[in-house]
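Chains, contacts and geometry: an overview
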Amino acid sequence: MLILTEGPSEVEYFNMFRGRNRHVTVVPLVAKKHDPRNLVPYCSSKAYERGIDLENGDSVSVVIDVDDRTDSELMDIERQCRERGYELYLSKRSFECWLILHFRKLTKAMTQEELESELSECIGHRYRKSEGICKMITEESVRSAIERAGKIISDDEGCNNKCMHQDPSTAVHFLVKRILEVS
């Protein structure tokens, strides 16, 4: 499972799932191209470099933030992913929404600064993206996050479109559920 993300907090998070199952390898990488025109082609180049074979059960997942992207940009990214057989998972506003759900519900839209402050409160010290929060996450908190996120977006059909229009929200729980099912 190749997982391409926008930043270090995502890579740190998905590294937790490495080595859980000898039949499935989770490989998180930072996608260094984030603009809508270059993101998916960059991900394709990384999939090619890694020898990803979608026909034989490998998968490519792209995890990005809604941030300030327009609906048309996000729909174009999703179309490009679908054409290549990749899965796209969004979080609105950012991945930190998914991280907070490991500790508590999200009930209102927040700025990125507010999300990071909220996450700092959850973990008991200043949140730093590059350090991640893996030491604070347990199997139980992952399952709680899946449950909480499922109350926001319960069905993966059209989940990215729902995520684009609901703040806060995330579709990352569908990917994490998939990882847990194969581990």
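Structure's up top.
**Concerning the side chain of Thr 170**
Position of Thr 170 relative to the elements: it lies in strand E5 (residues 169-170). Engagement of the side chain of Thr 170 in a polar contact is seen with the backbone nitrogen of Val 172, the distance being 3.2 Å. Contact partners of Thr 170, with chain neighbours within four places excluded, come to Leu 90, Ser 91, Trp 98, Leu 101, Ala 149, Ile 153 and Cys 163.

**A short note on the nonpolar core**
Tyr 13, Phe 14, Trp 98 and Val 176 are the most contacted members of the largest nonpolar core, which has 60 residues in total. Among the elements that take part in this core, helix H8 (residues 172-182) stands out by supplying six residues, more than any other. Among residues more than four places away in sequence, those in contact with Tyr 13 are Phe 95, Trp 98, Leu 99, His 102, Cys 134, Ile 137, Val 142 and Val 176.

**Concerning unusual backbone geometry**
With an omega of 0 degrees, the peptide bond running from Lys 92 to Arg 93 counts as cis. Relative to the helices and strands, Arg 93 is located in the loop between strand E4 (87-92) and helix H4 (95-100). You will see that Asp 67, though not glycine, has its phi angle at about 45 degrees, which is positive. Locating Asp 67 in the fold gives a position in the loop between strand E3 (60-65) and helix H3 (71-84). Given the relative accessible area of 32%, Asp 67 is considered partly exposed.

**What to know about the pairing of E4**
Along any regular strand the residues' side chains alternate between the sheet's two faces. Of all six residues in E4, five are buried; the element is thus mostly enclosed. Here E3 pairs with E4 via five bridges, running parallel. Its bridge partner being in E4, Val 62 is matched across the sheet by Leu 88. Following the backbone out of E3, through H3 and into the adjacent parallel E4, one traces a crossover that is right-handed. With two bridges connecting them, E4 and E5 associate as antiparallel partners. When the bridges of E5 are listed, Lys 92 appears paired with Ser 169.

The rules behind each value
- Residues numbered from 1 in each chain as written.
- Predicted model: local features only at pLDDT ≥ 70, side-chain atom pairs only at ≥ 80, totals over all residues.
- Heavy atoms only, no water.
- Helix = DSSP H or I, 4+ residues; strand = E, 2+ residues; numbered from the N terminus.
- Polar contact = N/O pair within 3.5 Å; in protein donor to acceptor, adjacent residues only side chain to side chain.
- Contact = heavy atoms within 4.5 Å.
- Core = buried A, V, L, I, M, F, W, Y, C linked by side-chain atoms within 4.5 Å.
- Buried < 20%, exposed > 50% of the residue type's maximum accessible area, 1.4 Å probe, protein only.
- Pairing = 2+ DSSP bridges.
- Right-handed = clockwise from strand over helix to strand, strands pointing away.

By themselves these figures say nothing about function.
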